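What follows is the residue order along each chain.
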Amino acid sequence: MKPSYSLLLSLSLATALATARAEHALSPRDEVTFDIERAPLAEVMNQFSLQTGLQVYLPNAEQVIVEALRGRYSIEAALKKLLEGTGIEYLYVNERAILVRRTAQSPGTPVAKVSSARSPGSSPANASPLEEVIVSGAPGNALGFTAATMTFSREDFDKQGESSLARFFKYIPQQPYNMDGRRASGAEFVELRGLGPGTTVVLIDNLPVAASSGDGASGFDLSSIPLAAVRQMEITSDPPPAYLPGAVGGVVNIVLGRDREQTLVDLKYAAARGGAGERKFSAAGSAGQRIKGTFSLEYQQRDFLLGEKRDLWRNQDYRRFGGADYRAPTSSPGNIHSVNGERLPGLRSSRAAIPDGGSVGLTPEDFAETDGHVNLESLSRYYSAVPATERGSAFGRVEVALGDAMAVSSDLLYTGREVIQQRNPPVLSGVLVPASNPYNPFDIPLVADVLIAGMPPQRTITDNKLVRSVFSVRSVGRPWNGQLSIINTHDEVSVTSFTGIPQDRVAAALSTSDPDHSLNIFNPASLGSRELLEWLVDEATTARSSSSSTLVRATLSGRIGTVDTLFGLDSERIRSSFAEIAQQTLQRRSSAGFAELRVPLHATLNLSAGARLEHLGDLGEMTGFQYGFRWQPVASLTVVAAYGKGERAPTLLEMMRPRTRSEATVVDSSRRGEVRSIDVIVGGNPDLDPMRTESWSLAITLKPESGSYEASAKYWNISLHDQVIVPSLPRLLDHAEYFSERVVRDTPTPGDIAAGQPGPLRLLDFSRLNSGRLETRGIDLLASKQVDAGAFGVFSGKLMATWVDKYVTADVRNIKGTDRAGIASPYGTIPRWRVVGSLAWKRGIFGASTTVRYTPPYADAFLEPTGRTIPSQTLMDVEMTLDLATTTDSALLRDLTVSFGVLNVFDKTPAFATVGYSAGYDLSQGDLLQRVGYLRVAKAF
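This is a predicted model, so every value here is computed, not measured. (Residues numbered from 1 in each chain as written. Predicted model: local features only at pLDDT ≥ 70, side-chain atom pairs only at ≥ 80, totals over all residues. Heavy atoms only, no water.)

**Q** Looking at this structure, I do not really get the pattern of salt bridges. What am I missing?
**A** Close approach of charged atoms allows side chains with opposite charge to pair. Under the defined criterion, the tally for this structure stands at 43 salt bridges. D679 serves as the salt-bridge partner of R661, at 3.4 Å between the closest nitrogen and oxygen. With a gap of 18 residues between them, R661 in strand β33 (residues 660-668) and D679 in strand β34 (residues 674-682) connect regions that are remote in the sequence. When its relative accessible area of 28% is taken as the criterion, D679 is described as partly exposed. The salt bridge involving D668 is made with R745; its shortest N-O contact spans 2.8 Å. Of this pair, D668 sits in strand β33 while R745 sits in strand β37 (residues 743-745), placing them 77 residues apart in sequence. Salt bridges here are not isolated pairs; linked through shared partners, they connect D317, R319, D325 and R327. (Salt bridge = Lys/Arg side-chain N within 4 Å of Asp/Glu carboxyl O. Helix = DSSP H or I, 4+ residues; strand = E, 2+ residues; numbered from the N terminus. Buried < 20%, exposed > 50% of the residue type's maximum accessible area, 1.4 Å probe, protein only.)

**Q** Teacher, can you tell me more about the pairing of strand β47 (residues 896-903) here?
**A** Along any regular strand the residues' side chains alternate between the sheet's two faces. Of all 8 residues in β47, 6 are buried, a share of seventy percent or more. By the bridge criterion, 7 bridges tie strand β46 (residues 873-884) to β47 in an arrangement that is antiparallel. Looking across to β47, one finds that M880 is bridged to F900. (Pairing = 2+ DSSP bridges.)

**Q** What's the story with the packing of aromatic side chains in this structure? I'm lost.
**A** Aromatic rings considered in pairs are described by the distance between their centres and by the relative angle of their planes. One pass over the full model with this rule turns up 15 aromatic pairs. When the centroid spacing of 5.1 Å and the interplanar angle of 75° are considered together, the rings of F152 and F168 count as edge-to-face. Placement of F152 in strand β9 (residues 150-153) and of F168 in the loop between α4 (154-160) and β10 (200-204) is noted, with a sequence separation of 16 residues between them. We classify F152 as buried; its relative accessible area is 5%. Seen from their ring centres, F157 and F168 are 4.9 Å apart, and the 85° between their planes marks the pair as edge-to-face. With F157 in helix α4 and F168 in the loop between α4 and β10, the pair connects residues that are 11 residues apart, well separated along the chain. Relative accessible area serves as the criterion here: at 3%, F157 is assigned to the buried category. (Phe/Tyr/Trp six-rings, centres within 6.5 Å; stacked < 30°, edge-to-face > 60°.)

**Q** How should I be thinking about the nonpolar core in this particular structure?
**A** Nonpolar side chains tend toward joint burial in soluble globular proteins. Of all hydrophobic cores here, the largest spans 40 residues; its most connected members are F169, L222, M233, I235 and I254. The residues contacting F169, other than those within four sequence positions of it, are Q175, V190, L192, L222, M233, I235, V252 and R834. One finds I336, F367, L428 and L446 within the second-largest nonpolar core, a separate group that totals 28 residues. (Core = buried A, V, L, I, M, F, W, Y, C linked by side-chain atoms within 4.5 Å. Contact = heavy atoms within 4.5 Å.)

**Q** Before we go on, may I ask you to explain the confidence of the model for the protein in this structure?
**A** Should pLDDT be low for a region, the predicted coordinates there are not to be read in detail. Taken over all residues, the pLDDT of the protein has a mean of 83, while the share at 70 or more is 88%. The weakest mean pLDDT in the protein belongs to helix α1 (residues 5-12) at 33; the strongest belongs to strand β17 (residues 305-306) at 96. This stretch, residues 104-141, has a pLDDT under 50; its non-local contacts, to residues over four places away or in other chains, come to 98 contacts. (pLDDT = per-residue confidence, 0-100.)

**Q** Honestly, the sheet that holds β37 in this entry has me stumped. Any pointers?
**A** Strands belonging to one sheet form pairs held by backbone hydrogen bonds; the direction of such a pair is parallel or antiparallel. One open sheet accounts for 4 strands, arranged β33-β34-β38-β37; its pairing is mixed. The strands lining the two open edges of the sheet, one partner per strand, are β33 and β37. In this sheet, neighbouring strand axes are inclined to one another by 25° on average, regardless of whether the strands run parallel or antiparallel. The pairing of β34 with strand β38 (residues 761-765) spans 3 bridges and is parallel. By the bridge assignment, V680 is partnered in β38 with L764. (Axes fitted to C-alpha atoms, helices over the stretch in contact; angles between N-to-C directions.)

**Q** Would you mind showing me how to read the packing of helix α2 (residues 41-52) against helix α3 (residues 75-83) here?
**A** Two measures define how a pair of helices packs: the angle their axes make with one another and the distance between the axes. As a packed pair, α2 and α3 sit with axes 12 Å apart at the nearest point and diverge in direction by 170°. With respect to α3, the axis of α2 lies roughly antiparallel. The chirality of how α2 crosses α3 is right-handed. For the pair α2 and α3, the contacting residues are L41, V44, M45, F48 and T52 in the first and I75, A78, L79, L82 and L83 in the second. Residue composition of the contact of α2 with α3, by class: 9 nonpolar, 1 polar and no charged. (Parallel < 35°, antiparallel > 145°, perpendicular 65-115°, else oblique. Left-handed = near helix turned anticlockwise from the far one by under 90°. Nonpolar A, V, L, I, M, F, W, Y, C, P; charged D, E, K, R; others polar.)

**Q** Just checking my understanding: could you explain the pairing of strand β28 (residues 563-577) for this structure?
**A** Summarising the sheet, strand β27 (residues 541-560) and β28 pair through 15 bridges and their orientation is antiparallel. Its bridge partner being in β28, S557 is matched across the sheet by L566. Counting the residues between successive antiparallel strands, the hairpin from β27 to β28 contains 2 residues, one of them, G561, with a positive phi of roughly 65°. Sheet topology note: the β28/strand β29 (residues 586-602) ladder contains 13 bridges and is antiparallel. When the bridges of β29 are listed, L569 appears paired with G593.

Below, the structure is given as structure tokens:
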């Protein structure tokens, strides 16, 4: 990838700001998770407004420094804690706006306490016209009933030492596995509860994002978002709200922008043993009040980590662990055997290994020591355990306040990424070496298996470009507020493959009798002339896909009597083109209406409900609804019960991607492991139905008004029906009676009938289908506490855990499902438990933190459980920080932060697992990257 840095710079300065719906403001008792930095009053109130959605009126920019506030508090408690001892009071102007001013009792003199909050709707006793008012803020939370939103701040991201947003989900126990290492494109998706990418909805500033066009997945690629632009991330896992159909796994809202009017420059270097060196630069800043601009730039490079640097891939003979030998006979030197199975001339066996160091003029006698032997190669040693990547991103945002009741905003996000995956050099498997080949020492036709080590490794380069723009107009501070947002997204993916060798060229190079133009498979050091090898390699091939979408969303929110309401309309147009039919563009238009309401049934009890009706031209109508109760008998205790039901439409790619036929070699388990070359079909399915979802949850949260600790427990239960999947080979063969049109066999012979086996395979159809059901349930636990130890500093700890009681999947309708919880699976292992604990310490300019991730033992499997147990894994990360924010007058050192950290401190290696097949470990749980050290230097200006 060759990023255009002028384009990145211009994009970072372009107009931008994505804001969500203008929804009803929070009440004083509603809780919000705050992450507010120590700053002057104006900046703190801006952060407060961004995180609550309340409008803050500040008649005079008081020069008061307000201390930091982090944790979950009610609106009232947060304001009291922020303003305590400052001589500043707050008063509600109306239910959506707060006036912050110096106390009337003693202007200019600090006082110990702030005024009590007035009830929404009241006004200050001597309210004067608000002149030179600073209006700040962004839309707040939905009207829904979320019991506990996990909020992660910039500080949380920095402590983990990860360079992408998606990798941070390793520290979220609700995500049971990580499949990103298996995607050639480098795409990274969220898959909360293990339900698949399309069931966790990603929002940017509360507005939807379109599914990415690469990899065939139905979710949004999180690696498209530059981490430097992220202010915080909010994760909820309640039944999906009405305005987000299909979000049964959860909702991830990524808030972009910065709170403070500073520019932060960040440099980072990281590396693992043997490779994966990473260099990252970012710059981000913001400025302005009535006209506020925000920008961020980010550039990242990462080197290969090759398989030869890790024992599991350097030696694929897993018999040392009690597994199989996955080394391949396509090796260097290679192997030969006779065509008819008879003994090779002059030897006692029909096969032999090509002698090491072979040269021109080999004779059958040279094969005496390798007679009957087979050379084997661990091909994974050539593979990239970590691909080489290069990424450049830019984000720009501008918001303009038009008076006190209107705001116009726009934003622009650009990301360009290149991912290079490496495989082994080309192989010749089962090629015929005619007797006419001048280097054939046996003068009879031979069959050979050879790795062409003299050629470069095969590589696939995936280039991805994303451009997303948003324009939004909204009213604020009125009894009824509206918002109109237009979201345009364009995503392009190109996949280029190198070092392919056409079989017809190989056959021609082996059959010629001219030594100058013949391929010599018997001499790995000199297979042929450079001209010959270059002629063998086919030209690079490139496949391109793209997707564009335009979403127009209009919302209106306000109060009818005591009922808070939200009404909305969506209109979306999606256009996609695929590599197979690049000249044709497919389209889908959809429209939807949704409504939400919150009804106070009692002073401590609220009912929330919502519904959505959507019309898709190719699928007809889809509906969804949800409702829940929120009970808060005392300020420190909240109980939430919620239920939701809905449908998720298959994407255009899932339905309309062209079906292509090709040849493949498969192992037929129904015919005692017979290996056979057959026709296979892959692609979309225009007859797909929407996936149906149902979920409910019950959550209890305990948090005192002081915010010194928090504890919560949540029971959840989710079911999916008619999932859209790409069927696997075992799934088709094990349920062939249900897939008679997809599993095509020849008529069984009398011998087959006598052996009780079906006829030979002729065709398998792997195109997408609606299949079976998934049912899962479990409990999430969270506990956190902060302790101020005085001279010893401040300690904060958090423990998060998810227990999965069941994860039952049924491949087809009307059959008994299989509980996969605690059993390894190539589709993604669901551990019974996942536990993440963290402890942080801060004293003055010094800080340290550690995070521990624990996965318990679980059963290994190879199609079925093997009886082996994959041992538990405990991984520890540590970081040490020196923060010179305000401790020096030196312009060079002031606001300088230096961090050093290590991920996987004890360099734990993934345990061997047969579920990983030739990889040798569970790809959804392990990571060959292992220990990583990093150094980060950040400076604010």
